[in-house]
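# Results of the structural survey
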Amino acid sequence: MTRPLLPLALAAAIAFPALAAAAESPTPPRIVVSGEGAATVAPDLAVLTLSVMREAKTARAALDANNDAMAAVIAAMKSAGIKDRDLQTAGIQINPRYNYTNKPDGGQEAELIAYQVTNTLSVRVRDVDKTGEILDKAVSLGVNQGGGIVFTNDNPAATVTEARKKAVADAMAKAKTLAEAAGVSIGRVIEITDQKIAPPPMPINAKAFDAAVGAAPVQAGENAYNVQVTVTFELK
C-alpha cells in the first residue's frame, strides 16, 4: 500500500535541497537609473479646424445656408490640392438662440430668435507651406469660427528612435557615474522600459512661410519628441 508513495517521496527529497539553495542564493547587486532623450524635427503636416456657422429663422433655412457655405469651402480645399482622405467632418451642431426678457414676477421669458447651425471640418495640409494660403481662402469663403492649427508629423518614428537612443545613452552615463562614485562597475543590462512623451506640438525656433500675398502669416517651428527610459544594470 505504501509503494505508490515512494516516487513522490524521492521527488520531494530531490526538490527541497534545490529550493533551499535557490532561496539561499542572494540577489546580485543592481542599480536602477532613468534617462531622458529628446529629438526635434520640422513638422510635415498641418491640421486645421475650420467651422462655418450660419443663422436663420428656421433650422431648415440655417442648415441650407450652412450646407452651401461648407460645400464652397470643401470645393476650395480640393482645388488647392487637399485629397478626400484629408478632409473630415468633425461635427455638426444645430442650436436654437433665445432672447430672454425679465418678467415682473422675477422670472424670465424666452423668445426664440433664430437657429444656429455650425459645421466643423478637419483639414490635413501635407504641404505645410500652403497652410496660410489655405486658411485665408477658407475664411474668404465663409469660415467664421475655429481656425485652430496643429503642426505635427505624419511619421515621427525616426525622430522617436533618435530620442530613445539619447535616453539610453543618458541612463548609461548616469549609471557609470554612480557606480564609479561607489567604487564598483556596471555589468550587463537586466531590464529596460521606456515611455514616449509627445506633448502637443509647439512652435520652437519658428520659420516663416513664403506664403502668397494676403495669406495669413503662419509659423511652423519644430516638434519635440521626448522619451524616458528606466534601465536596470547588474553591478560588479
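Only a predicted model underlies this, so the values are computations on that prediction, with no experimental measurement involved. (Residues numbered from 1 in each chain as written. Predicted model: local features only at pLDDT ≥ 70, side-chain atom pairs only at ≥ 80, totals over all residues. Heavy atoms only, no water.)

On to helix 2 (residues 59-79). Side chains of residues three or four places apart in an α-helix project in the same direction, reflecting 3.6 residues per turn. Its 21 residues give helix 2 an end-to-end C-alpha distance of 30 Å, which sits within 8% of 30 Å, the value for a rise of 1.5 Å per residue. Within the span of helix 2, buried status applies to Ala62, Asn66, Ala69, Met70, Val73, Ala76 and Met77. For helix 2, the arc enclosing every buried residue in end-on projection is 110°, short of the 170-degree limit, so these residues lie on one face. Exposed and facing more than 90 degrees away from the buried side of helix 2 are Asp68 and Ser79. If you follow the buried residues of helix 2, they end up packed against strand 2 (45-56), strand 3 (87-102), strand 4 (108-125) and helix 3 (131-140). (Helix = DSSP H or I, 4+ residues; strand = E, 2+ residues; numbered from the N terminus. Expected span 1.5 Å × (residues − 1). Buried < 20%, exposed > 50% of the residue type's maximum accessible area, 1.4 Å probe, protein only. Arc of directions from axis to C-beta. Contact = heavy atoms within 4.5 Å.)

A separate point is the sheet that holds strand 6 (residues 186-197). With antiparallel pairing, the 3 strands of this open sheet are ordered in space as 1-7-6. For this open sheet the edge positions go to strand 1 (30-41) and strand 6, each flanked by a neighbour on one side alone. This sheet shows a mean twist of 20° between the axes of neighbouring strands, independent of strand direction. Pairing geometry for strand 6 and strand 7 (residues 223-235), over 9 bridges, is antiparallel. Bridged to Val189 within strand 7 is Phe233. Docked against the sheet, helix 4 (residues 157-182) engages strand 1, strand 6 and strand 7, running at close to 145° with respect to strand 1. (Pairing = 2+ DSSP bridges. Axes fitted to C-alpha atoms, helices over the stretch in contact; angles between N-to-C directions.)

Moving on, we come to helix 4. Taking 1.5 Å of rise per residue, the 26 residues of helix 4 would be expected to cover 38 Å, and the 37 Å separating its terminal C-alpha atoms lies within 8% of that figure. Within helix 4 the residues assigned to the buried category are Thr159, Val160, Ala163, Ala167, Ala171, Ala175 and Ala179. Those residues of helix 4 that are buried are in contact with strand 1, strand 6 and strand 7. Gly183, located one to two residues past helix 4, shows a positive phi value of around 80°.

Here we take up the pattern of salt bridges. One pass over the full model with this rule turns up 10 salt bridges. Where Glu55 meets Arg97, a salt bridge forms, and the shortest distance between an N and an O atom there is 2.9 Å. A residue pair is termed long-range when its members are at least 10 positions apart, and Glu55 in strand 2 and Arg97 in strand 3 qualify at 42 residues. A salt bridge links Arg126 to Asp154, with the shortest nitrogen-to-oxygen separation between them at 3.7 Å. Note that Arg126 is positioned in the loop between strand 4 and helix 3 and Asp154 in the loop between strand 5 (145-152) and helix 4, a separation of 28 residues in sequence. Residues joined in a network through salt bridges with shared partners are Asp86, Arg124, Arg126 and Asp154. (Salt bridge = Lys/Arg side-chain N within 4 Å of Asp/Glu carboxyl O.)

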